[in-house]
Amino acid sequence: MNNVPSIKLLIVSQHATLKEALLIIDKNAQGIVFVIDEHSHLVGVLSDGDIRRLLLRGVVLTEPVMLGMQKIFVFRPVTTPSEELAKLLNERVRYIPLVDENNILVDYACLHRLHQIPIMEPSLSGNEIEYVTECIKTNWISSQGTFVRKFESIFGEYCGCSNALAVSNGTVALHLALVALNIGPGDEVIVPDLTFAASINAVLYTGATPVIVDIHPDTWTIDPAEIEKKVTPRTKAIMPVHLYGHPCHMDEIILIAQKHNLCIVEDCAEALGSMYKGKRVGAFGEVAAFSFFGNKTITTGEGGMVVFRDKETYNRAKKLRDHGMSPTKRYWHDEVGFNYRMTNMQGAIGVAQMERVDVFVAAKKHIAQTYNKSLSKIQGITLPPQAEWAFNTYWLYTLVIDPSVVIGRDELMKKLLLNGVETRQVFYPLHEMPPYKKFGLGNYPISDYVSQNGMSLPSSVGLSDQALNTITKALETVFKTRTLVLES
Ligand SMILES: Cc1ncc(COP(=O)(O)O)c(C=O)c1O
């Protein structure tokens, strides 16, 4: 069905050596092989744990598999309905070999064959349907209607700012923020090297010049010391991006901004609910932008929000969001604006999502704590950043695999996919990509390192403890098997 290995990669002959079986286990990344005789009859199973125990008992790896395999195990006819197999699978019975009427091994079942774990999926099980239905039933499906206003008000209150504007996505939220601050050609905006391209794209849309700086090793967010080095008389703004949910070093950034009279435009797309020294992100800059894309902490499908400290800039942005039309004289345009409006249906989803935002943030915390507990035991994994002053909401739980340990990041990602676990590599550094190269003058060692070796694990708010266990078990198995291969 999905990326899990075919039965061929899980078979070993009873006459093969334990070493050969171990190499097959390392390749299939499942921690197990099924043993067959010369007629392809299923005769046993052998796990990496069995091999480890045999080695401890003094058995050598040149011995045949049949000496160490388990002869009593769960198996079923290949005709068994999948619902029945699903009921049999649990923590202890993780694999079930399937045989035909002649006891010939033809297939196998495991939980991740039945369900792949996606990197992220939204939770829409609250009042979303009810509110969207209301939009449809009342015909308020465009940007007029009560839900957009309600969403802005609830969201503003959550962020501690009454000037919130809902827009069609997070990228235009950033663009609108910059334009409302009069940033344009001739100006420079300082951005971090490690972020999603939308951050720098928004600067480029205004005609301003982005200036790329490296990230800080403790937080993977923009490094204040590097910002200071890149300020010029043309610098107009700094764009701190609270990457993967970890807040930036705001005190230091604010000091630099005050010293040089710069604006701060916070990119909070990945950090709804995150806090810097007890205060929610979005409340530190002149302007802050959020994204509600389907994989964000709350979603409206596509969607975004801009929050403004200052009423005047907010009013200007409100006008620009609606083609620059005068609020007092309909169809009169004082300047060229945009259509960056959010629909009432998106607003309806947003209101329903905000009703559960605290549940979502708590779920993200629980996921991160569970991962941290298991993964801190694996040598060569650097856990996600967690500064002591930060409330990290772990939008995407992202770790770094030390390149000198038993398995590299890319191979690990492939092996996890073989276990039905979807993962995601960290963004490429901006300074490496063709459209942005010329804005990256300098060295970016931290961003390069995190980008090359970093990966994210499934982080959906609805991730069950069972799914978390499957993921951590798969990681542990892959590391343990590879260590065993290297030691043997
Ligand atoms: C850091 C960052 N900035 C901006 C955006 C842009 O948001 P959107 O996809 O809603 O346009 C995203 C997300 O996609 C992001 O991760």
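Just so we're clear, the structure is a prediction, and the values are computed from it rather than from any experiment.

A. Broad picture of the overall build of the chain. The helix and strand inventory of the chain stands at 17 helices and 20 strands. Each of the 488 residues in the chain was classed as buried or not, and the buried ones make up 57%. Residue pairs at least 24 apart in sequence account for 67% of intrachain contacts in the chain once pairs closer than 6 positions are excluded. Accessible surface computed for the chain: about 21,300 Å², of which carbon and sulfur atoms make up 55%. Here the chain holds 47 positive side-chain charges and 51 negative ones, and the gap between their average locations is 2 Å.

B. The site of the ligand, seen in detail. Around the ligand sit 14 residues in total, of which Gly-170, Thr-171, Asp-267, Glu-270 and Ser-291 are the nearest. One of the side-chain nitrogen or oxygen atoms of Glu-270 is found 2.6 Å away from an oxygen atom of the ligand. In isolation the ligand has 380 Å² of accessible area, and contact with the protein removes 92% of it. Of all the secondary-structure elements, those providing two or more residues to the shell around the ligand are α8 (170-180) and α9 (198-205). For the shell around the ligand, a count of residues per class yields four nonpolar, seven polar and three charged.

C. View of the pattern of salt bridges. In total, this model carries 19 salt bridges according to the counting rule given. Close ionic contact of Lys-415 with Asp-26 constitutes a salt bridge, the shortest N to O distance being 3.9 Å. Placement of the pair is Lys-415 in helix α15 (residues 409-418) and Asp-26 in helix α1 (residues 18-28), with a sequence separation of 389 residues. Take Lys-415 and Asp-26: they sit in the same class, and that class is buried.

D. Highlighting the sheet that holds strand β13 (residues 279-280). An order of β13-β12-β17 is seen for the three strands of this open sheet, with the pairing classed as antiparallel. What marks the edges here is a single partner per strand, and that holds for β13 and β17 (390-391). Of the pairings in the sheet, the one linking strand β12 (residues 275-276) to β17 comprises two bridges and is antiparallel in character. By the bridge assignment, Met-275 is partnered in β17 with Phe-391.

E. Spatial organisation of the packing of aromatic side chains. For the coordinates displayed, the defined rule picks out 17 aromatic pairs. Seen from their ring centres, Phe-73 and Phe-75 are 5.7 Å apart, and the 50° between their planes marks the pair as tilted. Here the aromatic rings of Tyr-371 and Tyr-397 are separated by 4.6 Å at their centres, their planes lie at 40°, and the arrangement is tilted. On the criterion of sequence distance, the pair formed by Tyr-371 in helix α14 (residues 357-375) and Tyr-397 in strand β18 (residues 397-401) is long-range, its members being 26 residues apart. Among the residues examined, Tyr-371 registers a relative accessible area of 0% and is labelled buried. Relative accessible area serves as the criterion here: at 1%, Tyr-397 is assigned to the buried category. Joined through ring pairs, the aromatic side chains of Phe-151, Phe-155, Phe-290 and Phe-292 make up one cluster. When the ring centre of Phe-284 is taken as origin, the NZ or CZ atom of Lys-279, which lies over that ring, is 4.9 Å away. Its end group placed over the ring of Trp-332, Lys-329 keeps NZ or CZ at 4.1 Å from the ring centre.

F. Main features of the sheet that holds strand β3 (residues 42-47). Spatial strand order, β1-β2-β3: three strands in an open sheet with mixed pairing. The open sheet has two edge strands with one neighbour each: β1 (11-13) and β3. If you compare each strand with its neighbour and ignore which way they point, the axes differ by 35° on average. Pairing of β1 with strand β2 (residues 32-36), which is carried by three bridges, proceeds in the parallel orientation. Bridging across to β2, Ser-13 finds its partner in Ile-36. Contacting β1, β2 and β3, α1 runs over the sheet at an angle of about 130° to β2.

G. Region of the structure containing the domain arrangement of the chain. Domain annotation for the chain reports domain 1 (7-114), domain 2 (128-354) and domain 3 (360-487). Centre-to-centre, using C-alpha coordinates, domain 1 lies 29 Å away from domain 3. When the two sides are added together, the surface that domain 1 and domain 3 hide from each other amounts to roughly 1,500 Å², 53% of it contributed by carbon and sulfur. On the domain 1 side of the interface with domain 3, the three residues burying the most area are Asp-26, Ala-29 and His-112, jointly 34% of the side's total. For the pair domain 1 and domain 3, the number of links is three salt bridges. With a shortest N-O distance of 3.1 Å, Arg-482 and Asp-26 are connected by a salt bridge. Where domain 1 packs against domain 3, one counts six residue pairs in polar contact (both at pLDDT 80 or more). Elements with a minimum of two residues in the side of domain 1 that touches domain 3: α1, α2 (48-56) and α5 (111-114). At seven residues, α1 tops the list of elements feeding residues into the side of domain 1 that touches domain 3. Taken together, the residues that form the side of domain 1 that touches domain 3 break down as eight nonpolar, four polar and seven charged.

H. Looking closely at the packing of α8 against α9. The contact between α8 and α9 brings their axes to 9 Å, and the two run at 40°. Here α8 lies oblique to α9, going by the angle between them. Classified by chirality, the crossing of α9 by α8 is right-handed. Contact residues: Thr-171, Leu-174, His-175 and Leu-178 in α8; Ala-198, Ser-199, Ala-202, Val-203 and Tyr-205 in α9. Of the residues belonging to the contact of α8 with α9, the class tally is six nonpolar, three polar and no charged.

I. Representation of the state of the cysteines. Under the defined criterion, the tally for this structure stands at zero disulfides. With no disulfide partner, Cys-263 has as its closest neighbouring cysteine sulfur the one in Cys-161, 15 Å distant. According to the relative accessible area criterion, Cys-263 is buried, its value standing at 19%.

Conventions used here
Residues numbered from 1 in each chain as written. Predicted model: local features only at pLDDT ≥ 70, side-chain atom pairs only at ≥ 80, totals over all residues. Heavy atoms only, no water. Helix = DSSP H or I, 4+ residues; strand = E, 2+ residues; numbered from the N terminus. Buried < 20%, exposed > 50% of the residue type's maximum accessible area, 1.4 Å probe, protein only. Contact = heavy atoms within 4.5 Å. Areas by Shrake-Rupley, 256 points an atom, 1.4 Å probe, with all protein chains shown as cover. Lys, Arg positive; Asp, Glu negative; His and termini not counted. Charge placed at Lys NZ, Arg CZ, Asp CG, Glu CD. Near = heavy atom within 4 Å. Polar contact = N/O pair within 3.5 Å; in protein donor to acceptor, adjacent residues only side chain to side chain. Nonpolar A, V, L, I, M, F, W, Y, C, P; charged D, E, K, R; others polar. Salt bridge = Lys/Arg side-chain N within 4 Å of Asp/Glu carboxyl O. Pairing = 2+ DSSP bridges. Phe/Tyr/Trp six-rings, centres within 6.5 Å; stacked < 30°, edge-to-face > 60°. Lys NZ or Arg CZ within 6 Å of the ring centre and 35° of its normal. Axes fitted to C-alpha atoms, helices over the stretch in contact; angles between N-to-C directions. Domains from an automatic or database assignment. Buried area = accessible area lost by both parts, 1.4 Å probe. Parallel < 35°, antiparallel > 145°, perpendicular 65-115°, else oblique. Left-handed = near helix turned anticlockwise from the far one by under 90°. Disulfide = S-S within 2.5 Å.

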